[in-house]
Amino acid sequence: YLENGFDYTLISRRTANSFNSVGTDIDALQQRYGGNPAFIHPDDMKAEGIAQGDLVSIRSKYGELKAHACAEKTLRRGLVALTHGWGKNPGQTANPKVDGANIGQLISVEEHYARYSGIPLMSGIAITLTPA
């Protein structure tokens, strides 16, 4: 969904090199992407002045994170896809290209969660996307 002031929607994405937080610390599994990149349509990257591998700032109404950009032409324009289970805890020093980005910094556990399980929703988050 989109909200006023937010031009993109963050969606969850799975990658073959990790499962939730399993594999995020195994060098051999990180060789393809490094941490968890922000997958972005190439036309959106061009419109925002973002190049492959650049650090980007992703902001929601709850917080902000940094990730590295990865062009993904099969992704619909206006979407940014990020794999959850990566990144450091808020306040810890992190290198997004190695440690990844923690989607938890963009969500609220009080406002957006699954009705029966209480699991926070990590997809469909209104965001802005800018070069870092």
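Before any of the text, the structure's been laid out above.
First, a word on what this report is: a plain description of the structure on this page. Not measured: the values here are computed from a predicted model.

What about the overall build of the protein chain?
Assigned secondary structure in the protein chain consists of two helices and six strands. Tracing the protein chain from N to C terminus, the helices and strands come up as β-α-β-α-β-β-β-β. Long-range contacts, defined as pairs at least 24 residues apart, comprise 70% of the intrachain contacts of the protein chain with a sequence gap of at least 6. Put simply, the protein chain shows about 7,400 Å² of open surface, and 50% of that area lies on carbon and sulfur atoms.

Thoughts on the nonpolar core
Membership of the largest hydrophobic core comes to 20 residues, with the highest contact counts inside it found for I58 and V80. Counting only elements with at least two residues in this core, the list comes to β1 (8-12), β2 (38-40), β3 (55-59), β4 (64-71), β5 (79-82) and β6 (125-131). Filtering out sequence-adjacent residues up to four positions away, V80 remains in contact with Y8, T9, L10, I11, A38, F39, I40, I58, L75, I127 and L129. F39, C70, L79 and A81 belong to the second-largest nonpolar core, a separate cluster that totals five residues.

A few points about the pairing of β4
Bridge count between β2 and β4: three bridges; the pairing is parallel. Within the sheet, the bridge partner assigned to F39 lies in β4 and is C70. Judged from the five bridges that link them, β3 and β4 form a sheet pairing that is antiparallel. Bridge pairing in β4 places L55 opposite H68.

With respect to the pairing of β5
Where burial is concerned, the two faces of β5 agree: the one with L79 and A81 and the one with V80 and L82 are both buried. Note: β1 against β5, four bridges, orientation parallel. Across the sheet, T9 pairs through a bridge with L79, a residue of β5. By the bridge criterion, two bridges tie β2 to β5 in an arrangement that is antiparallel. Residue F39 lies in a different strand from β5, and its bridge partner there is A81.

What counts, and where the lines are drawn
- Residues numbered from 1 in each chain as written.
- Predicted model: local features only at pLDDT ≥ 70, side-chain atom pairs only at ≥ 80, totals over all residues.
- Heavy atoms only, no water.
- Helix = DSSP H or I, 4+ residues; strand = E, 2+ residues; numbered from the N terminus.
- Contact = heavy atoms within 4.5 Å.
- Areas by Shrake-Rupley, 256 points an atom, 1.4 Å probe, with all protein chains shown as cover.
- Core = buried A, V, L, I, M, F, W, Y, C linked by side-chain atoms within 4.5 Å.
- Buried < 20%, exposed > 50% of the residue type's maximum accessible area, 1.4 Å probe, protein only.
- Pairing = 2+ DSSP bridges.

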